[in-house]
Amino acid sequence: MTLNKNMRVFIVDDYTTMLRILRNLLRQLDLNNVEEANDGDSAYHMMVKSPPDLIISDWNMAPVTGLELLRKVRADAKLKHIPFIMVTAESKTENVIIAKQAGVSNYIVKPFNAETLRAKIASVCGVTA
Amino acid sequence: MTLTTNAPSRLPDAHGFLDRVIGELRAVQSPQKDTLVAVLQYLSDHIRVTRSEICALRSDTSNQQLFGSSADELEEIVTETARAANRIMDAAEAVEKVAATLDAAPAAALTDAVTNIYEASSFQDITGQRITKVVRALQAMENKLATLVGAFGPPESDEAPVAAAPEGDARLLNGPQLDKNASRQTDIDALFESLG
């Protein structure tokens, strides 16, 4: 099995540089159907209107953090089934545990490489890495 | 003596109170008073010097300029590194487009190199978060200094407010850890797996 090249990926990060990096790395995986937002609040409203197939989000954002976005997504009947990968510099054990409890699908610590991103996407999408 | 009846209620009053105590002690007929007076005089002199130095901060706007300028400089670094990272990625994207027109082997080599550039460009995100932490620390120091100066000025408050420790989800926002403390992806994976 391979990744569905048409799947809609939603990326969220308050650093436009990181959004651009993610978009480029996703393009190298042939994932070109990508939408983006700079914060959790606008991301959530965009997702409600048009649910994506995969969410990749930073944690440390304002005013709505990635963790709050995750909780909102998991509490929303329309969105709760969507795989959610946290990509963050927050690497403390406590953070990972709380994200897991909130329903995160996988967790990538920054800085990361393209192979880690590919493997995690494959994992949460049920594709053999 | 009235040593206990006029105790100071504010920090700026403490020095005057101490001087009054010294004056009253000097009038006491006791052979042991000289040692006590000497100690109190020593304390009084130190309070005077400390108060003088701290009060000087009040009229010295350079401190505010120092903190403000440092924060601005650091924020400028974030802006400049973002600009540089975007220029690097402009170039990398151009290389990637050229790679698409080449034979498989050179194309793959160039694409691998471009991938490395994309990965390395994440330095801007990491350094940006670290600098933001430093800016916040500077702002906190500036606030504490202002509180300290205020405490020695016209009596408003003799207690600097203690910054509340973050609670709830806010305590989880620590930004990148120092490299020696940071968890590796393998650590995260192992932890994640262990959570079921």
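So, here is what we can say about the structure in this document. Since we're looking at a predicted model, the values are computed, not measured.

## Quick word on the overall build of chain B
Part 1 of the reasoning: Scanning chain B for helices and strands turns up 6 helices and 0 strands.
Part 2 of the reasoning: Secondary structure elements in chain B, listed N-terminal to C-terminal, are α-α-α-α-α-α.

## Describing the overall build of chain A
Part 1 of the reasoning: Helix and strand counts for chain A stand at 5 helices and 5 strands.
Part 2 of the reasoning: Counted from the first residue to the last, chain A has its helices and strands arranged as β-α-β-α-β-α-β-α-β-α.
Part 3 of the reasoning: Against the globule reference of 14 Å for 129 residues, chain A gives a C-alpha radius of gyration of 13 Å, in line with a compact fold.
Part 4 of the reasoning: Expressed as lengths along the three principal axes of its C-alpha atoms, the size of chain A is roughly 35 × 35 × 25 Å.
Part 5 of the reasoning: In chain A, buried positions account for 45% of the 129 residues.
Part 6 of the reasoning: Contacts in chain A between residues at least 24 apart in sequence constitute 61% of all its contacts with a sequence separation of at least 6.

## Some points on the sheet that holds strand S5 (residues 106-109) of chain A
Residue and element names in this part refer to chain A.
Part 1 of the reasoning: Here we have 5 strands laid out as an open sheet, ordered S2-S1-S3-S4-S5, and parallel in their pairing. The two strands at the open ends of the sheet, each matched to only one other strand, are strand S2 (34-37) and S5. Sheet twist, expressed as the average angle between the axes of neighbouring strands with direction ignored, equals 20°.
Part 2 of the reasoning: Note: strand S3 (residues 54-57) against strand S4 (residues 84-88), 3 bridges, orientation parallel. When the sheet's bridge partners are listed, Ile56 is paired in S4 with Ile85.
Part 3 of the reasoning: The strands touched by helix H5 (residues 114-124) are S3, S4 and S5; relative to S5, the strand with the most contacts, the crossing angle is about 175°.

## Some details on the interface of chain B and chain A
Part 1 of the reasoning: Across the contact, 30 residues belong to chain B and 31 residues belong to chain A.
Part 2 of the reasoning: Of all elements in the fold, only helix H3 (62-99), helix H4 (104-120), helix H5 (123-152) and helix H6 (185-194) of chain B reach the threshold of two or more residues within the side of chain B that touches chain A.
Part 3 of the reasoning: Residue composition of the side of chain B that touches chain A, grouped by class: 13 nonpolar, 13 polar and 4 charged.

## So, the packing of helix H1 (residues 16-28) of chain A against H4 of chain B
Part 1 of the reasoning: Direction vectors running N to C along H1 of chain A and H4 of chain B enclose 155°, while the axes themselves pass 10 Å from each other. With respect to each other, H1 of chain A and H4 of chain B are oriented roughly antiparallel. Where H1 of chain A crosses over H4 of chain B, the handedness of that crossing is left-handed. Along the contact surface, H1 of chain A presents Ile21, Asn24, Leu25 and Gln28 of chain A, while H4 of chain B presents Thr111, Thr115 and Tyr118 of chain B.
Part 2 of the reasoning: When its residues are assigned to classes, the contact of H1 of chain A with H4 of chain B shows 3 nonpolar, 4 polar and no charged.

## Let's talk about the pairing of S3 of chain A
Part 1 of the reasoning: Neither face of S3 of chain A is open: one carries Leu54 and Ile56 of chain A, the other Ile55 and Ser57 of chain A, and all of them are buried.
Part 2 of the reasoning: Handedness of the crossover joining S3 of chain A and S4 of chain A through helix H3 (residues 66-74) of chain A is recorded here as right-handed.

## Observations regarding the packing of helix H2 (residues 40-49) of chain A against H3 of chain A
Residue and element names in this part refer to chain A.
Part 1 of the reasoning: Contact geometry for H2 and H3: axes closest at 9 Å, N-to-C directions at 25°. The pairing of H2 with H3 is recorded here as roughly parallel in orientation. Judged by the twist between their axes, the crossing of H2 over H3 is right-handed. The segment H2 lies against H3, with Gly40, Ala43 and Tyr44 engaging Gly66, Glu68, Leu69 and Lys72.

## Points about the pairing of strand S1 (residues 9-12) of chain A
Residues and elements named next belong to chain A.
Part 1 of the reasoning: Residues of S1 alternate between two faces, with Val9 and Ile11 on one and Phe10 and Val12 on the opposite face, all of them buried.
Part 2 of the reasoning: When S1 meets S2, the two strands line up parallel, connected through 4 bridges. Across the sheet, residue Ile11 finds its bridge partner in S2, namely Glu36.
Part 3 of the reasoning: As judged from the 4 bridges shared by S1 and S3, these two strands associate in the parallel manner.

## Some details on the nonpolar core
Residues and elements named next belong to chain A.
Part 1 of the reasoning: Counting residues in each nonpolar core, the largest one holds 43 residues, and the members touching the most others are Leu22, Ile56 and Met86.
Part 2 of the reasoning: Considering each element in turn, this core owes the most residues, 6 residues, to H1.
Part 3 of the reasoning: In this structure Ile56 touches Val9, Ile11, Leu22, Ile85 and Val87, once residues within four positions along its chain are discounted.

## Digging into H2 of chain A
Residues and elements named next belong to chain A.
Part 1 of the reasoning: The complete set of buried residues in H2 reads Gly40, Ala43, Tyr44 and Met47. Buried residues of H2 fall within an arc of 100° about the axis and therefore sit on the same side. In this structure, H2 carries His45 and Lys49 as exposed residues pointing more than 90 degrees from its buried face.
Part 2 of the reasoning: Against the buried residues of H2 lie S1, S2 and H3.

Conventions and cut-offs
Residues numbered from 1 in each chain as written. Chains lettered and ligands numbered in written order. Predicted model: local features only at pLDDT ≥ 70, side-chain atom pairs only at ≥ 80, totals over all residues. Helix = DSSP H or I, 4+ residues; strand = E, 2+ residues; numbered from the N terminus. Rg over C-alpha atoms; globule rule 2.2 N^0.38 Å. Buried ≥ 20, exposed ≤ 12 C-beta atoms within 10 Å, placed from the backbone. Contact = placed C-beta atoms within 7 Å. Pairing = 2+ DSSP bridges. Axes fitted to C-alpha atoms, helices over the stretch in contact; angles between N-to-C directions. Nonpolar A, V, L, I, M, F, W, Y, C, P; charged D, E, K, R; others polar. Parallel < 35°, antiparallel > 145°, perpendicular 65-115°, else oblique. Left-handed = near helix turned anticlockwise from the far one by under 90°. Right-handed = clockwise from strand over helix to strand, strands pointing away. Core = buried A, V, L, I, M, F, W, Y, C linked by C-beta atoms within 7 Å. Arc of directions from axis to C-beta.

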